[in-house]
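So the chains spell out like this:
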Amino acid sequence: MNNSEGLKPFQQSLAGLPQWVSERILQQINRLTHYEPVIGIMGKTGVGKSSLCNALFAGDVSPVSDVSACTRAPQRCRLRVGRHSMVLVDLPGVGESEVRDREYQALYRRQLPQLDLVLWVIKADDRALSVDERFYREVIGSHRHKVLFVVNQVDKLEPCHEWDATCGSPSSRQKINLSRKLSDIRQLFTPSNPMCAVSARTGWGLGSLVETMMRSLPARASSPLSAQLHETLRSEPVKSQARDRFGEAAGEVVDAVASLPFVPEPVKSLIRSVRDMVVSTVRAVWDFFF
């Protein structure tokens, strides 16, 4: 089957609309199924950015050309699973030098509008965060809603020798220290999204991170991202989240068409009358696309 066959249920739900309206809505929904999320990932050297990405995503990786003329450009990689893809943008970390930080400020300001989400990775035992905090406040600005802080390498948090290797989870004392670490980060950054703690090496916390990512992403990006996850992370709650967000995105499409200034009022009413049916149909056929 192809995408045109998969869109037949949508066509039926839009049967009562003028043809040009239904075609416009179908075209936009079809674009949603091909949307390519762009995820930025940043953090100092040694925080485990690569290991985190490898633990999360299953797609075949191919390099994409650099996107900046700066001395140190972000590295872009495209991940592909089947007909879906996403782009990871590895953003350089801050704190190397004042010259580099000024360079990176300009780079970030150019990149942020293009990103759906930024995973800001912090090492669990890193105590020198003042540079990160200043950069976050001076540069991120109105894009704070796009930043998701991820505390990685929880297994190395003191007392690291108490890590429960059998269960793959932190000890009681490590959990206490982790709670303090998260509290400190909240005070420094006052993040918009919930913070996540993981051990990419052992897999601890990855499921919770994925669910938080799904909630933090724009509705249009959730389902395409879910297609890139390792199968073990595509849990039923994650699929349910993706399905609901896809329906939400389809509802936004219908609303956008209904709000076009050149659409006559009677047609606007017709479009609004089929909105719930379109959303319900999108959710029902989600598995066909993702």
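What you see is a predicted model; the values in this text were computed from it and never measured. (Residues numbered from 1 in each chain as written. Predicted model: local features only at pLDDT ≥ 70, side-chain atom pairs only at ≥ 80, totals over all residues. Heavy atoms only, no water.)

Novice: Is there a simple way to think about the overall build of the protein chain in this case?
Specialist: Looking only at helices and strands, one finds 13 helices and seven strands in the protein chain. Looking at the protein chain as a whole, 52% of its 290 residues qualify as buried. Relative to all contacts within the protein chain whose residues are 6 or more apart in sequence, the contacts with residues 24 or more apart total 71%. Total accessible area computed for the protein chain in this model is approximately 13600 Å², and 50% of it derives from carbon and sulfur atoms. (Helix = DSSP H or I, 4+ residues; strand = E, 2+ residues; numbered from the N terminus. Buried < 20%, exposed > 50% of the residue type's maximum accessible area, 1.4 Å probe, protein only. Contact = heavy atoms within 4.5 Å. Areas by Shrake-Rupley, 256 points an atom, 1.4 Å probe, with all protein chains shown as cover.)

Novice: Got a minute to help me understand the packing of helix H9 (residues 219-226) against helix H10 (residues 236-258) in this structure?
Specialist: How two helices pack is summed up by the angle between their axes together with the distance between the axes. In the contact formed by H9 and H10, the axes pass within 7 Å of each other and the chain directions differ by 140°. The angle between the axes of H9 and H10 places the two elements in the oblique class. Read as a crossing pair, H9 and H10 show a hand that is left-handed. The residues of H10 that touch H9, namely those facing Ala219, Arg220, Ser222, Ser223 and Ser226, are Ala242, Arg243, Arg245, Phe246, Glu248, Ala249 and Glu252. For the contact of H9 with H10, the class distribution of residues is four nonpolar, three polar and five charged. (Axes fitted to C-alpha atoms, helices over the stretch in contact; angles between N-to-C directions. Parallel < 35°, antiparallel > 145°, perpendicular 65-115°, else oblique. Left-handed = near helix turned anticlockwise from the far one by under 90°. Nonpolar A, V, L, I, M, F, W, Y, C, P; charged D, E, K, R; others polar.)

Novice: I would appreciate a short explanation of the side chain of Asn152 in the present structure.
Specialist: Mapping Asn152 onto the fold places it in strand S6 (residues 147-152). From its side chain, Asn152 meets the backbone oxygen of Gly48 in a polar contact 3.4 Å long. In this view, Asn152 contacts Val47, Gly48, Ser51, Val121, Ile122, Lys123, Ala124, Val198, Ser199 and Ala200; residues no more than four positions away in its chain are not counted. (Polar contact = N/O pair within 3.5 Å; in protein donor to acceptor, adjacent residues only side chain to side chain.)

Novice: Sorry if this is basic, but what is going on with the environment of Val278 here?
Specialist: Within the element layout of this structure, Val278 appears in helix H12 (residues 275-284). By relative accessible area, which is 1% here, Val278 ends up buried. Taking the C-alpha atoms as reference points, Val278 and Gly247, 31 residues apart in sequence, are found 8.1 Å from one another. With sequence-adjacent residues up to four places away left out, Val278 is seen in contact with Phe10, Ser13, Leu14, Ile29 and Val254.

Novice: Teacher, can you tell me more about the pairing of strand S5 (residues 117-123) here?
Specialist: Successive side chains on a regular strand alternate, one facing one side of the sheet and the next facing the other. Counting buried positions over the seven residues of S5 gives six, a clear majority of the element. Pairing of strand S1 (residues 38-42) with S5, which is carried by four bridges, proceeds in the parallel orientation. Residue pairing across strands places Met42 opposite Trp120, the latter belonging to S5. Where S5 lies against S6, six bridges are found, and the strand directions are parallel. Bridged to Trp120 within S6 is Phe149. Since S5 and S6 lie parallel, the crossover through helix H6 (residues 130-140) that links them has a hand, and here it is right-handed. (Pairing = 2+ DSSP bridges. Right-handed = clockwise from strand over helix to strand, strands pointing away.)

Novice: I'm lost on the nonpolar core in this one. Help?
Specialist: Note that soluble globular proteins tend to have their nonpolar side chains buried in a common cluster. Ranked by size, the top nonpolar core spans 58 residues in total, and within it Ile25, Leu52, Leu56, Phe57, Leu209 and Ile271 carry the most contacts. No other element matches H10, which puts nine residues into this core. Counting 31 residues, the second largest nonpolar core, distinct from the first, contains Val87, Leu115, Ala124 and Phe189. (Core = buried A, V, L, I, M, F, W, Y, C linked by side-chain atoms within 4.5 Å.)

Novice: How should the environment of Arg83 be read in this particular structure?
Specialist: Note that Arg83 resides in the loop between strand S3 (75-81) and strand S4 (84-90). For Arg83, a relative accessible area of 43% translates into the label partly exposed. C-alpha separation for the pair Arg83 and Phe289, spaced 206 residues apart in sequence, amounts to 9.3 Å.

Novice: So what exactly am I meant to see when it comes to the environment of Gly16 here?
Specialist: Residue position: Gly16 is located in the loop between helix H2 (8-13) and helix H3 (19-33). For Gly16 and Ile271, which are 255 residues apart along the polypeptide, the C-alpha to C-alpha distance reads 8.9 Å.

Novice: How do you make sense of H3 when you look at a structure like this?
Specialist: An α-helix turns once every 3.6 residues. As a result, residues three or four positions apart point the same way. With 15 residues, H3 extends 21 Å between its outermost C-alpha atoms, agreeing within 8% with the 21 Å of an ideal straight helix rising 1.5 Å per residue. Val21, Ser22, Ile25, Leu26, Ile29, Leu32 and Thr33 are the residues of H3 that are buried. Seen along its axis, H3 keeps its buried residues to an arc of 125°; they face one direction. (Expected span 1.5 Å × (residues − 1). Arc of directions from axis to C-beta.)

Novice: Would you mind going over the confidence of the model for the protein chain with me for this structure?
Specialist: Fine structural detail should not be taken from predicted coordinates in areas where pLDDT scores are low. Taken residue by residue, the protein chain gives an average pLDDT of 87. The fraction at 70 or more is 90%. Across residues 65-71, where pLDDT falls below 50, the model places 16 contacts with residues more than four positions away in sequence or in other chains. (pLDDT = per-residue confidence, 0-100.)

Novice: What exactly am I supposed to notice about the pattern of salt bridges here?
Specialist: Pairing is possible between side chains of opposite charge, provided their charged atoms come close. Applying the stated criterion across every chain, the model contains 15 salt bridges. In this structure, Glu133 engages Arg137 in a salt bridge whose closest nitrogen and oxygen atoms are separated by 2.5 Å. Here Glu133 and its partner Arg137 are both found in helix H6, four residues apart, which amounts to about one turn of the helix. Residue classification places Arg137 among the partly exposed residues on the basis of a relative accessible area of 43%. The partner of Lys239 in a salt bridge is Glu236, and the shortest N-O contact between them spans 3.9 Å. (Salt bridge = Lys/Arg side-chain N within 4 Å of Asp/Glu carboxyl O.)

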